[in-house]
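Chain and residue survey
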Amino acid sequence: MSGSRVLVLNSGSSSVKYQLIDMRGGSRLAVGLVERIGEGGGSRVKHTPADGESREWTGPVPDHDAALKAMAAELDRDGLGLDSPELAAIGHRVVHGGLRFTEPTVIDDAVLAEIERLIPVAPLHNPANLTGIRTAQSLRPDLPQVAVFDTAFHTTMPESAARYAIDVETADAHRIRRYGFHGTSHAYVSRETARLLGRAPEDVNVIVLHLGNGASASAVRGGRCVDTSMGLTPLEGLVMGTRSGDMDPAVIFHLMRVGGMSADEIDTLLNKRSGLTGLCGDNDMREIRRRVDAGDERAALAFDIYIHRLKKYIGAYYAVLGRVDAVAFTAGVGENSAPVREAALAGLEGLGLAVDSGLNAVRGDAARLISPADARVAVAVVPTDEEMEIATQSYALVNEECNPLLT
Ligand code: AMP
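Residues numbered from 1 in each chain as written. Predicted model: local features only at pLDDT ≥ 70, side-chain atom pairs only at ≥ 80, totals over all residues. Heavy atoms only, no water.

An unreviewed UniProt entry lists the protein chain under the name Acetate kinase, with Streptomyces ardesiacus as the source organism. Taken directly from UniProt, the Catalytic activity (unreviewed entry) text for the protein chain runs: "acetate + ATP = acetyl phosphate + ADP". According to the UniProt record, the Pathway (unreviewed entry) comment for the protein chain is "Metabolic intermediate biosynthesis; acetyl-CoA biosynthesis; acetyl-CoA from acetate: step 1/2." (UniProt positions renumbered as here; feature names shortened; annotations may be inferred.)

Here it is as structure tokens:
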């Protein structure tokens, strides 16, 4: 195989994000986004080639087929068309791979059928991912298409972490267990943290805090995930932008029996109207910090609840791992919010955890340490790069021999 480019597709229900990456050197040739798909004339396309100006337009993009054709037309304009022999593979983000997919997988009919079979445990994500795959297949039927699963990195969790303490037969009949998500990010960030420390991933124990609009923590021992905070769905765990995270499950029965709410209404409440949004009306950490600094009590309480939960997970994963070499912050909040990082680790000096306030305040795009030089445990900010990880895994799978980024 001669091509060295991988097109990475992240297909959501109403959007497609894409990046074309040249694996010889790992440069991004183009990045883009088609959003508000199927929303009449209001769809938006934004395309940025590596060596040119961004192009942006709005107009009707009725479905994913039209979205990928719009993407293909934009790539064509830059001489990067999908028909290029340089294209080696298309890598797809697939949210739920269940227990079967522990590795990136070349997509065939059986793989498609299994992703479809998992729709009941990922009703929002897997259908959109499938649509993206099928559309990409129709555009380049000859090209290997690779699925990279958000759940795959977490399949190494032991049963003691993955099982809920409910009746085993009922759990197994409905495939109820903790799967975890954001796995591509946790894999990438834990490896990059080891690299930052100058050590092999196998020798390093890391707590990864992926704090974006969705948020999850994971405990990674020697490069393998041993626990993570999201569960059957992305609802469990940390306080997020709009999701509640952990809660007594009896709240749901109470809302049904006493509040007269339906299952769908509670689903929407917990996934869309909870978390920071539910607590203070904002889900953007920048705005919440602005309000806290201006003396807003609701925003201050929301921030405190967010930090309290985060701290509990740091402590829990410290205990799970026994020895911790590094805590790594990543994603929109983790990479950018110095107050969140400082508050999350405040008072944990007894665990060897501390943040150097000068280093913490420095902004930057590179992975960096923010702990004092003599700290027992390293604290790092590591920008995540899920697209590069998907491209790297896809390329490695279709062309193991000559991937310069895998060495
Ligand atoms: P993500 O889901 O990783 O794209 O993260 C999105 C979230 O990151 C936003 O909702 C904000 O809360 C947060 N965020 C982005 N930029 C900043 C910033 N400069 N400071 C604090 N939070 C930020």
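Still to come is the rest of the account.
1. Here's the deal with the site of the ligand
In the region of the ligand, the neighbouring residues are Gly 212, Asn 213, Asn 283, Asp 284, Met 285, Arg 286, Ala 331, Gly 332, Val 333, Asn 336, Ser 337 and Arg 363. Within the backbone of Asn 213, an N or O atom sits 2.9 Å from an oxygen atom of the ligand. One of the backbone nitrogen or oxygen atoms of Val 333 is found 3.4 Å away from an oxygen atom of the ligand. Taking 500 Å² as the accessible area of the ligand by itself, protein coverage stands at 69%. Counting only elements with at least two residues in the shell around the ligand, the list comes to α10 (285-293) and α12 (331-336). Considering every element that reaches the shell around the ligand, the biggest residue donor is α12, with 4 residues. (Near = heavy atom within 4 Å. Polar contact = N/O pair within 3.5 Å; in protein donor to acceptor, adjacent residues only side chain to side chain. Areas by Shrake-Rupley, 256 points an atom, 1.4 Å probe, with all protein chains shown as cover. Helix = DSSP H or I, 4+ residues; strand = E, 2+ residues; numbered from the N terminus.)

2. Side note on the sheet that holds strand β11 (residues 224-228)
With mixed pairing, 6 strands are arranged side by side in an open sheet as β11-β10-β9-β12-β14-β13. The open sheet has two free edges, formed respectively by β11 and β13 (368-369), since each of these has just one partner strand. Sheet contacts for helix α6 (residues 183-197): β9 (205-211), β10 (215-221), β11, β12 (326-330), β13 and β14 (378-381); angle to β9, the most-contacted strand, approximately 130°. In the packing of helix α13 (residues 338-345) onto the sheet, contacts are made with β9, β12, β13 and β14, and the angle to β12 comes to roughly 150°. (Pairing = 2+ DSSP bridges. Contact = heavy atoms within 4.5 Å. Axes fitted to C-alpha atoms, helices over the stretch in contact; angles between N-to-C directions.)

3. Quick word on the UniProt feature "binding site: Mg(2+)" (unreviewed entry) in the protein chain
The UniProt feature table records "binding site: Mg(2+)" (unreviewed entry) at Asn 10 and Glu 386. In terms of the greatest pairwise C-alpha distance, the residues named above, spread along 377 residues, form a tight cluster of at most 9.9 Å across. Under the relative-accessibility criterion, Asn 10 is labelled buried at 19%. Ignoring sequence-local partners within four residues, the contact set of Asn 10 consists of Ser 15, Val 16, Lys 17 and Arg 93. Setting aside residues no more than four positions away along its own chain, Glu 386 makes contact with Thr 184, Ser 185 and His 210. (Buried < 20%, exposed > 50% of the residue type's maximum accessible area, 1.4 Å probe, protein only.)

4. With respect to the nonpolar core
Ranked by size, the top nonpolar core spans 44 residues in total, and within it Leu 211 and Tyr 306 carry the most contacts. Listing elements by their share of this core, those giving two or more residues are β9, β10, α9 (275-280), α10, α11 (297-321), β12, α13 and β14. Among the elements that take part in this core, α11 stands out by supplying 11 residues, more than any other. Non-local contacts of Tyr 306, meaning those with residues more than four positions away in its chain, are made with Leu 211, Val 239, Leu 276, Met 285, Val 333 and Val 340. Counting 23 residues, the second-largest nonpolar core is a separate cluster that includes Leu 9, Val 45, Leu 68 and Ala 70. (Core = buried A, V, L, I, M, F, W, Y, C linked by side-chain atoms within 4.5 Å.)

5. Thoughts on the UniProt feature "binding site: substrate" (unreviewed entry) in the protein chain
The feature "binding site: substrate" (unreviewed entry), as given by UniProt, occupies Arg 93 in the numbering adopted here. On the secondary structure map, Arg 93 appears in strand β6 (residues 87-94). Once residues lying within four places of it in the same chain are set aside, the contact partners of Arg 93 are Leu 9, Asn 10, Asn 129, Val 148, Asp 150 and Ile 390.

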